[in-house]
Amino acid sequence: MKRHEALNWASSFLTEIGREPQAGELLLRHALGDLSRTELLLGLNEELPPQQQEVFMEAVQKHGEGVPVQYITGFEEFYGRRFFVNKEVLIPRPETEELVYEVLQRSSMRFQDAQEIKTIDVGTGSGAIAVTLALENPRLTVSAIDIAEESLEVARKNAADLGAPVRFIHGDLLQPLIENGEKVDIVVSNPPYIPDREIMELETIVKDQEPFRALSGGQDGYVFYRRFMEELPLVLNKRSIAAFEVGHDQGQTVAEMLRITFPGSFVSVIMDISQKERMVIAEIGF
């Protein structure tokens, strides 16, 4: 079997069972030793060795059964870097890159003269947000919290592999900081925000594979945002930023929560190109 024949087989197989046919290319590149797309395309007429053909076909079958490509290859790209992922963490999404970008831009403007900007990523999962912030702006002193030690193991590996100076903390939301009397300048989080009743409506490749704890936002999707409103005043400095990813229709509600919690703050609801609410950022104190 040549490479182009393998791709054609995978495309047909995945299309027939309702999966994205493009996954075949990603899995073939992985089976061939993580080739670049250019390298793959330049060698489409090359024979696929039997061992690699077996690895590839098994990977395609797994994906067909509902295993995300990223859990098969063991990584996902985020902000130009490769992050290790497994079933203990949510797979990083492109929209979260936008959250990171906004935090970087606003922190540079808001804390222009600060030599150190204390930052906490809450519910860090793979560590994608925390690691990226630490690497993109050395002035950010980044810590990351997660309630699951299994997730922290993944995040620590990513920080070590990418050389990011991030402190990791095992704990529930902002409780470790509250208990230690720590204050920070930035709180950023992509918390679980999907209402429990909607989780069952998700694609099987998400609801049956990615960790439930990283998806469930409680009965109405706001359980963690409500907790944040109780805990944020105890950890944020007077001049600070709170930044959250939200569900496509949750932005105005979360923004109002922040306005009530921090009267006089400047709160932005940021949309994506399809006009879906994606993130809420509060600039607190002037």
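Residues numbered from 1 in each chain as written. Predicted model: local features only at pLDDT ≥ 70, side-chain atom pairs only at ≥ 80, totals over all residues. Heavy atoms only, no water.

Some words on the overall build of the chain
Definition in use: By the criteria applied, helices consist of DSSP H or I runs no shorter than four residues and strands consist of E runs no shorter than two, each listed in order from the N terminus. Throughout, the radius of gyration refers to the C-alpha atoms, and the reference size of a globule is 2.2 Å times the residue count to the power 0.38. The cut-offs for exposure are 20% and 50% of the maximum accessible area for each residue type, with area from a 1.4 Å probe on protein chains only; residues under the lower value are buried, those over the upper are exposed, and the others partly exposed. In this description, contact between two residues means that some pair of their heavy atoms is separated by no more than 4.5 Å. When charges are tallied, Lys and Arg are placed among the positive residues and Asp and Glu among the negative ones, while His and the ends of the chain are skipped. A single reference atom marks each charge: NZ on Lys, CZ on Arg, CG on Asp, CD on Glu.
Assigned secondary structure in the chain consists of 13 helices and nine strands. Relative to the compact-globule value of 19 Å for 286 residues, the chain shows a C-alpha radius of gyration of 21 Å, a close match. For the chain, the spread of C-alpha atoms along the principal axes amounts to about 65 × 40 × 35 Å. Considering the chain as a whole, with its 286 residues, one finds that 52% of them fall into the buried category. Of all intrachain contacts in the chain linking residues separated by at least 6 positions in sequence, the fraction that spans at least 24 positions is 67%. Positive and negative charge centroids in the chain, built from 28 and 46 side chains respectively, lie 4 Å apart.

Some words on the pairing of strand β8 (residues 266-271)
Put simply, the test is: Here the rule is simple: two strands pair whenever DSSP picks up at least two bridges between them.
Taken together, the six bridges between β8 and strand β9 (residues 277-284) define a ladder with antiparallel strand orientation. Opposite F266, over in β9, you have E283 as the bridge partner. From the end of β8 to the start of β9, which pair antiparallel, there are five residues, and Q275 there has a positive phi angle of about 65°.

A few points about the side chain of D146
Going by this rule: Salt bridges are defined by distance alone: a side-chain nitrogen of Lys or Arg within 4 Å of a carboxyl oxygen of Asp or Glu.
Here D146 lies in strand β4 (residues 140-146). No salt bridge forms around the buried D146; measuring N to O, its nearest opposite-charge neighbour R213 is 5.0 Å away.

Observations regarding helix α8 (residues 149-162)
Helical periodicity: at 3.6 residues per turn, an α-helix aligns residues three or four positions apart in one direction. Convention followed: Multiplying one less than the number of residues by 1.5 Å gives the expected span of a helix. This arc describes the spread of directions from the helix axis toward the C-beta atoms.
In this model α8 runs 20 Å from its N-terminal to its C-terminal C-alpha over 14 residues, within 8% of the 20 Å that 1.5 Å per residue would give. Residues of α8 that are buried: S151, L152, V154, A155, N158 and A159. Taken down its axis, α8 places every buried residue within 160° of arc, on the same side. Along α8, exposed side chains directed more than 90 degrees from the buried face belong to E153, A160 and D161. Looking one or two residues past α8, G163 carries a phi angle of roughly 70°, positive in sign.

Let's talk about the side chain of T73
Definition in use: For the purposes of these results, a polar contact is taken to be a pair of N or O atoms within 3.5 Å, where, inside protein, one atom must be able to donate a hydrogen and its partner to accept one; residues adjacent in sequence count only when each atom of the pair is a side-chain atom.
Along the chain, T73 turns up in helix α5 (residues 69-73). Here F75 takes part through its backbone oxygen, which lies 3.4 Å from a polar atom of the side chain of T73. Dropping the residues within four chain positions of it, T73 is found in contact with L27 and H30.

Some details on the sheet that holds strand β6 (residues 184-189)
Which entries qualify depends on this criterion: Helix axes are fitted to C-alpha atoms over the stretch in contact, other axes to C-alpha atoms as well, and angles between N-to-C directions run from 0 to 180 degrees.
Overall, mixed pairing links the seven strands, which are arranged β5-β4-β3-β6-β7-β9-β8 in an open sheet. Each edge of the open sheet carries a strand with a single partner, namely β5 (166-170) and β8. Strand-to-strand, the axes of this sheet are offset by a mean angle of 15°, without reference to chain direction. Helix α7 (residues 128-136) contacts β3 (117-122), β4, β5 and β6 of the sheet and is inclined by roughly 170° relative to β4. Strand contacts of α8: β4 and β5, with the helix running at about 175° to β5, the strand carrying the most contacts.

Focus: the pattern of salt bridges
Summed over the entire model, instances satisfying the criterion amount to 19 salt bridges. In this structure, E256 engages R259 in a salt bridge whose closest nitrogen and oxygen atoms are separated by 3.6 Å. Separated by three residues within a single helix, E256 and R259 lie in helix α13 (residues 251-261), roughly one turn from each other. On the accessibility criterion, E256 (39% relative accessible area) is partly exposed. Linked through salt bridges whose partners overlap, the residues forming this network are E102, R106, R110 and E283.

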